Amino acid sequence: MRVHRFLAAAWLSVHGPHDPKRLLVAALEARFAGIAASPTPRPIDWEGVRDAAADLPVEFSAVRAHNPLAEHSATAAFAAMKDGERNVALAAIKQAVVTARQLGVPMVVVDPGVVPVMGDIEAEDLGDPQYDWTAPRTQALLARRKVGRNGAVDRVCRELFALVRAFPDITFCLTQGRSLRAVADVTALRDVFEDLSHHNIGYWHDAALCARREQVLGEPQGEWLEAFGSRCRGLCLGDASPDGLYLPPGAGTVDYKLLASYLPRLGAQLPGVVELDSSIAPGELPSIRACLDKHGL
């Protein structure tokens with residue numbers, strides 16, 4: 001297998017036990033290497049988790065600076081025009097750095113926020129099953145995003161440069177966001193990586209969000225790995241459909257066969273985090289493992 005599987009903390013915090021050691025044992029018994037940390041619906045004592053891990057064959061993958069299950073990312077304001085708003089996003093990232101150092105994993109995954117737009121927004125969450133993303137609605141919001149896109153990318157580059165200098169022991173990995181206004185589309189990430197080409201910044205592939213963007217925007221899923229495969233440090237394994245995000249693998253339109261075909265090109269075994277919506281029952285885990293096993297993931 002080219003993927004080292006981890007179970008996402010956001011789902012596990014809802015369905016797993018409160019005790020740190022029992023939480024780790026639950027992940028191991030479900031046949032995962034360990035846990036991928038992030039902000040969670042139920043707070044997790046990460047210091048306690050670290051201490052409990054000393055007696056267990058458990059590992060940790062990268063730490064997400066935001067909860068991917070939440071409609072509004074904790075780092076949404078990373079590209080905001082006002083310093084005070086950007087500081088909110090930076091505080092979330094710095095807390096992720098603290099957690100990463102506690103767990104001994106020098107990698108933090110960052111959604112680089114949304115492009116500020118003028119006026120009210122009817123909807124922007126690609127994971128909202130109640131909203132019909134018609135072509136006119138999609139193009140209208142993308143047109144508003146285009147106005148502030150360049151300025152947002154410039155601010156992302158400046159903030160990332162400052163983070164890399166402030167935390168040289170941490171690899172920051174950029175990933176997709178749930179919002180249609182997300183800074184992170186293929187062209188924007190190309191610009192960021194080109195501007196910061198000499199710095200230790202990676203890419204984290206969110207298979208569910210790439211599939212959802214293909215459904216709504218027609219962006220090919222493979223385009224992301226084609227563009228950023230050399231920088232890929234890990235991936236999020238979930239699925240997507242118009243019914244929602246982070247469905248069990250195999251329940252949506254993620255092309256896992258395509259994804260698996262890229263992995264040999266990416267080199268070493270990568271952490272693969274099974275990210276699931278909190279509504280998914282623990283009884284789904286065996287079929288999830290079977291789907292991933294089938295594709296060598």
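Residues numbered from 1 in each chain as written. Predicted model: local features only at pLDDT ≥ 70, side-chain atom pairs only at ≥ 80, totals over all residues. Heavy atoms only, no water.

Draft legend 1. Quick look at the sheet that holds strand E4 (residues 63–64). Sheet architecture is open: nine strands sit in the order E3-E2-E1-E11-E8-E7-E6-E5-E4, paired in parallel fashion. Of all strands in the sheet, those bounded by a partner on one side alone are strand E3 (59–60) and E4. Helix H6 (residues 186–195) contacts strand E6 (171–174) and strand E7 (201–206) of the sheet and is inclined by roughly 160° relative to E7. Where helix H10 (residues 285–294) meets the sheet, it contacts strand E1 (3–8), strand E8 (232–237) and strand E11 (270–274), and its direction lies at approximately 155° from that of E1. (Pairing = 2+ DSSP bridges. Helix = DSSP H or I, 4+ residues; strand = E, 2+ residues; numbered from the N terminus. Contact = heavy atoms within 4.5 Å. Axes fitted to C-alpha atoms, helices over the stretch in contact; angles between N-to-C directions.)

Draft legend 2. Fine view of unusual backbone geometry. A positive phi angle is found at Arg31, which is not glycine, with a value near 70°. Following the sequence through the fold, Arg31 ends up in the loop between helix H2 (20–29) and strand E2 (34–36). Of the residues examined, Arg31 reaches a relative accessible area of 55% and is grouped as exposed. (Buried < 20%, exposed > 50% of the residue type's maximum accessible area, 1.4 Å probe, protein only.)

Draft legend 3. Spotlight on the pattern of salt bridges. Evaluated as defined, the whole model comprises twelve salt bridges. Among the ionic pairs, Arg5 bridges to Asp293, the shortest N-O distance being 2.4 Å. Residue Arg5 is located in strand E1, and its partner Asp293 is located in helix H10; the two are separated by 288 residues in the primary sequence. In this structure Arg5 comes out as buried when scored by relative accessible area, which is 8%. Classification of Asp293 as partly exposed rests on a relative accessible area of 38%. Note that Arg86 is salt-bridged to Glu159, the shortest N-O span being 2.7 Å. Within this pair, whereas Arg86 is found in helix H4 (residues 83–103), its partner Glu159 is found in helix H5 (residues 135–166), the two being separated by 73 residues in sequence. Like Arg86, the residue Glu159 is buried in the burial classification. (Salt bridge = Lys/Arg side-chain N within 4 Å of Asp/Glu carboxyl O.)

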